[in-house]
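# Notes for the structure review
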There are 2 protein chains.
Amino acid sequence: MTDSSNKEVEEKRAARPSSLDISEDEFHAISESVAEIVEKYFARVAELPVFPDTSAEEISEKFPEKLSEDGEPIEKLIEDCRRVIEKSRHNGHPRFWGYVASPSTPIGAYADLIASALNQNVTSWRSAPAATMIEQQVMRWLGSLIGYDENAHGLMTSGGSLANLNALYVAHRVKSSGEVSHKGLWNRSAPMTVYASDQVHFSIPKAADVLGLGRENVRIVSSDERFKLDMRNLREQVERDEREGFIPFCVVANAGTVNTGAVDPLEEIGSFAQERDLWFHVDGAYGALGALAHEKRALFHGIARADSVSLDPHKWLYAPVDCGCLLFRDAARVQGAWTQHAADYIKVYEERDAESFAFWDYGIELSRRFRALKIWLMLRYYGSRKVSGAITDDCCMAQYFAERVEASEDFELLAPVELSICCFRYVPVEFAREFQAANDEERASLNEKLDELNAHIMHTVQRGGLAYLSNATLRARFALRACITNFRTTRADIDSTLEIIREAAREIRKER
Amino acid sequence: MTDSSNKEVEEKRAARPSSLDISEDEFHAISESVAEIVEKYFARVAELPVFPDTSAEEISEKFPEKLSEDGEPIEKLIEDCRRVIEKSRHNGHPRFWGYVASPSTPIGAYADLIASALNQNVTSWRSAPAATMIEQQVMRWLGSLIGYDENAHGLMTSGGSLANLNALYVAHRVKSSGEVSHKGLWNRSAPMTVYASDQVHFSIPKAADVLGLGRENVRIVSSDERFKLDMRNLREQVERDEREGFIPFCVVANAGTVNTGAVDPLEEIGSFAQERDLWFHVDGAYGALGALAHEKRALFHGIARADSVSLDPHKWLYAPVDCGCLLFRDAARVQGAWTQHAADYIKVYEERDAESFAFWDYGIELSRRFRALKIWLMLRYYGSRKVSGAITDDCCMAQYFAERVEASEDFELLAPVELSICCFRYVPVEFAREFQAANDEERASLNEKLDELNAHIMHTVQRGGLAYLSNATLRARFALRACITNFRTTRADIDSTLEIIREAAREIRKER
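For clarity, every value in this text was computed on a predicted model and none was experimentally measured.

Moving on: the interface of chain B and chain A. On the chain A side, the residues contacting the 180 residues of chain B number 181 residues. Carbon and sulfur atoms supply 60% of the area that chain B and chain A bury against each other, a total of about 16,400 Å² over both sides. On the surface where chain B and chain A come into contact, there are 24 salt bridges. A salt bridge links Arg488 of chain A to Asp21 of chain B; its shortest N-O distance comes to 2.9 Å. At the boundary of chain B with chain A, the tally comes to 90 residue pairs in polar contact (both at pLDDT 80 or more). Classifying every residue of the side of chain B that touches chain A gives 84 nonpolar, 49 polar and 47 charged.

Now the structure itself:
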């Protein structure tokens, strides 16, 4: 194309009346007003109620029900975005410790703006050359954190559920005959079985359900008093299943559990998996990045023996959702599980290996957002030392939480703190006295009352907007649970939260 | 908590040395430099090469291999982002028509910045009150576009592959006994079967593989000369399978196909599915939003009878990746497929129905990005009329493409244009003459040569950076394929692309 014909094209382009391109002024109106909202949000998140004082009904009424035929002015939309923020739960608040959610950083959020403007669809090198390379690079960095070498490889997923599903799929296909993909699981008389502790994340049975393996074929291995998988019980169950004609193919270890942060004995599980020729998957969606804390590294000894590891940078690397990840120790072993089936319309016509690379050879998703950019920029902006420091400090905060709980007359610690989770409950002082004199039946009844009281406390605290805890069920008891993956949390926040809980308890008991 | 203790907390907070919070100046440095990159990108994307002149090797060398312990200055990172942009394929370029990818809009990209700053994890109302409401609202808007009523419901997914997987899972569970989730597919002698045309997207057999149903249990129904599913062949195959003891449970219709944009006879398939009690899924990942073009609406007649429809706003609603969506006609019927299994740690303790709502009752993902925000803002910013106009014009552009092809001596149209895809090939004038005189064998040989030439042309054009086409295999022939979901494309771009192809063909033939 000559310069002059190119010019002609440019001129004609201005004529497409349906183009969604906008003027420079309109662009500035968007970019400036959004930047202002975002800046204010980062500056003020600590002052907002953690949870809004609202109801589903009230929120619905705030926003237009019908889509209008004509456009709306940006000022109106920005005003509505302010309302959205007002009616949100703020995971970036220093006293937010529910589930596993972390604050995002400015660099992470702005990385997502670049990703969305550039709008790469990271399916393959051909479709997104630089983005593919950067995702591969980030996978190498994350892999090296857990001790994987250059044979490892991985891909980003929308989160831990998808990473675990993907891992179980690959585990099953590698451990069974190639025809399963074609023929399905019908007519196979011996079910193949997976092993995981009673603390396993529910995405593992869910994955077994989705894959057609069946939830009951995830065998639940008991855990010890520290909520770690019991090796003896694992061995017993595998041996019994083998005797009974089942085909064990995979063991899933937690690093750490979503309830208490317990890390299973990875080294021992690795040896056992090797001995029995089982696929060894580590679900480190929440906890594997705890390996960045120097003091915690020993807990993860053996993780590099795993065939696959899931870990979520949107959980403990402070990346904005979504940002999950699945790593494989030996990429070559994995590729065949998915390959061979790609369609003609996406067939890759490149000659060089690196340029034929496609993520669909490793996972379920075809379209994939440029998720790696935010990790790449964030890790480089802060440097690994500062990020490790934040993770280490989260662990210290949870430890401090446990110390305060144990030093109090009216709180009881319900699990050891292994990473950054503290599980405890509120026990009114007179209950503690009654406990001492109680027989088994009375204890059971007291425990039930405490379950109810603590569930009520959790709800009251959540809705009060000053702090946010979630819960765990530990040995059938209701625990308040603080999961600290939050670089804004300080000791003072923890102190005041214990007061907030006491205040909630007082209110609840007054009402009765 | 009193005001004074709150103040005390604030003061202590400043003391957490590991916090990743940054100063106002540092924030501005990020926000201003990113805004500048993004603005320039939107302004200049039409002038960039569609595909970079590069290699995997060259890209690797451009970026640091090791993660540094200390942070890097923002200027350096921004410089690297410029390099990333330089080494990207530009789906927003007016002559980009590969696969199914669309440009993003400024409002869509900035919506993603807000989503990532706010960092909602849209698992449930409790975790993201406003975001949940907005996703439900957007689902209603998209549902109403295809004629669904208020009983419908849906959820956003990372893309079409996940939406189709989710749809097939639900279809299977609704059509089989509840114990499948627990027991798996083992020991069931009669495989359950799915039906789809030979134009089906490869995510459907892939989903059958993942679900343990087996790829061969997706029965491939022949398509007619317009690449639409042949109803007679569908009926024959279902009847034969029933006779042979298989259990048909689902039919998947395309709207439209990824190869040519053909829309299957939805009304007839809907009637057949009802008659046979089959789940009726429509894969509209690429094409269902074509229903927004008034002239195309008739093609989609019957789509509202579907039990489920996948459609991707990141394909034809110009939303940045990722943004897929799965809609169900009757939400109540679906919920049971996933429910009952949620773990205690995410158990919802709300009393009001709307506040107990959780997306994990409808899909595979647990963590979910606030994907709906970009659609909500984008649809409101432009208004439905302008967006429909852009979609209508994309269809006109494909029609124009076909007209130009048919008016040329050296191009051949290989499929009717139904939505916004044009499939064609380059046929040198002397080949056309040879064809006329050729017998069957000679024709086959000529066709093979043309396949090879057009594959070569595609690669040359892609790497040339002036336009980007991909390919389709149609009745075993290699087709160049332009999928226009691009609001920047004009007639002039199409004219010049035919010249670019001719030029590539000349070069290739000269080299031989």
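Here we come to the domain arrangement of chain A. Residues and elements named next belong to chain A. Once the domains are mapped, chain A shows domain 1 (111-381) and domain 2 (386-511). Taken over C-alpha atoms, the centre of domain 1 sits 32 Å from the centre of domain 2. Taken together, the contact between domain 1 and domain 2 spans 33 residues of the former and 25 residues of the latter. Where domain 1 abuts domain 2, roughly 2,200 Å² becomes buried across the two surfaces, and 61% of that area is made up of carbon and sulfur atoms. Taken together, the links from domain 1 to domain 2 amount to three salt bridges. With its nearest N and O atoms 3.8 Å apart, the salt bridge here joins Arg475 to Asp198.

Before going further, it helps to examine the packing of aromatic side chains. Centre-to-centre distance and the angle between the planes together describe a pair of aromatic rings. Applying the stated criterion across every chain yields a total of 34 aromatic pairs over all chains. With centroids separated by 5.2 Å and ring planes inclined at 80°, the aromatic side chains of Tyr318 of chain B and Phe487 of chain B adopt a geometry described as edge-to-face. On the criterion of sequence distance, the pair formed by Tyr318 of chain B in the loop between helix H12 (313-316) and strand E7 (324-328) and Phe487 of chain B in the loop between strand E11 (477-483) and helix H18 (491-511) is long-range, its members being 169 residues apart. For Tyr318 of chain B, a relative accessible area of 0% gives the class buried. A relative accessible area of 1% places Phe487 of chain B in the buried class. Among the aromatic residues, those joined into a cluster by ring pairs are Phe51, Phe96, Tyr99 and Tyr468 of chain A together with Trp125 of chain B. If you follow Arg368 of chain A out to its NZ or CZ, it ends over the ring of Phe359 of chain A, 4.2 Å from the centre.

One can find His172 of chain B in helix H7 (residues 160-175). Excluding residues within four positions of it along the chain, His172 of chain B makes contact with Trp186 of chain A together with Val180, Leu185, Met192, Leu213 and Phe249 of chain B.

All right, on to the nonpolar core then. Membership of the largest hydrophobic core comes to 298 residues, with the highest contact counts inside it found for Leu317 of chain A together with Leu317 of chain B. Among the elements that make up this core, the one with the highest residue count is helix H15 (residues 372-407) of chain A (13 residues). Leu317 of chain A has contacts with Leu142, Leu289, Leu292, Asp312, Ile375, Met378, Leu379, Val387 and Ile391 of chain A, leaving out every residue within four places of it along the chain.

This next bit is on helix H4 (residues 74-86) of chain B. Taking 1.5 Å as the rise per residue, H4 of chain B with 13 residues should run 18 Å; its terminal C-alpha atoms sit 18 Å apart, in good agreement. Where H4 of chain B is concerned, the buried positions are Ile74, Leu77, Ile78, Asp80, Cys81, Val84 and Ile85 of chain B. Mapping the buried residues of H4 of chain B onto a view down its axis gives an arc of 160°, with all of them on the same face. Along its buried surface, H4 of chain B packs onto helix H5 (106-118), helix H6 (129-145) and H15 of chain A together with helix H2 (24-44) of chain B.

Bringing the state of the cysteines into the picture now. One pass over the full model with this rule turns up zero disulfides over all chains. The thiol of Cys395 of chain B is not disulfide-bonded; the next cysteine sulfur, from Cys396 of chain B, is found 6.9 Å away.

As a further point, take the pattern of salt bridges. For the structure shown, the criterion picks out 90 salt bridges over all chains. Measuring nitrogen to oxygen at the nearest pair gives 3.2 Å for the salt bridge that ties Lys76 of chain A to Asp80 of chain A. Highlighted residues: Lys76 of chain A and Asp80 of chain A, both in helix H4 (residues 74-86), separated by four residues, approximately one helical turn. By relative accessible area, Asp80 of chain A is classed as buried at 0%. Between Arg44 of chain B and Glu47 of chain B there is a salt bridge, and its shortest N-O distance comes to 3.8 Å. Connected through shared salt-bridge partners, Asp112, Arg369 and Lys374 of chain A together with Asp112, Arg369 and Lys374 of chain B make up one network.

We now examine the relation of the copies chain B and chain A. Taken as rigid bodies, chain B and chain A are interconverted by a rotation of 180° and an axial shift of 0.0 Å, the fit giving an RMSD of 0.0 Å. Here the copies are linked by what is in effect a two-fold axis. Measuring from the rotation axis to each C-alpha of chain B, the shortest distance belongs to Leu211 of chain B, at 2.2 Å. Looking at chain B, 100% of its interface residues are interface residues in chain A too, so the copies touch through the same face.

Thresholds applied
- Residues numbered from 1 in each chain as written.
- Chains lettered and ligands numbered in written order.
- Predicted model: local features only at pLDDT ≥ 70, side-chain atom pairs only at ≥ 80, totals over all residues.
- Heavy atoms only, no water.
- Contact = heavy atoms within 4.5 Å.
- Buried area = accessible area lost by both parts, 1.4 Å probe.
- Salt bridge = Lys/Arg side-chain N within 4 Å of Asp/Glu carboxyl O.
- Polar contact = N/O pair within 3.5 Å; in protein donor to acceptor, adjacent residues only side chain to side chain.
- Nonpolar A, V, L, I, M, F, W, Y, C, P; charged D, E, K, R; others polar.
- Domains from an automatic or database assignment.
- Phe/Tyr/Trp six-rings, centres within 6.5 Å; stacked < 30°, edge-to-face > 60°.
- Helix = DSSP H or I, 4+ residues; strand = E, 2+ residues; numbered from the N terminus.
- Buried < 20%, exposed > 50% of the residue type's maximum accessible area, 1.4 Å probe, protein only.
- Lys NZ or Arg CZ within 6 Å of the ring centre and 35° of its normal.
- Core = buried A, V, L, I, M, F, W, Y, C linked by side-chain atoms within 4.5 Å.
- Expected span 1.5 Å × (residues − 1).
- Arc of directions from axis to C-beta.
- Disulfide = S-S within 2.5 Å.
- Least-squares fit on C-alpha atoms with pLDDT ≥ 70 in both.

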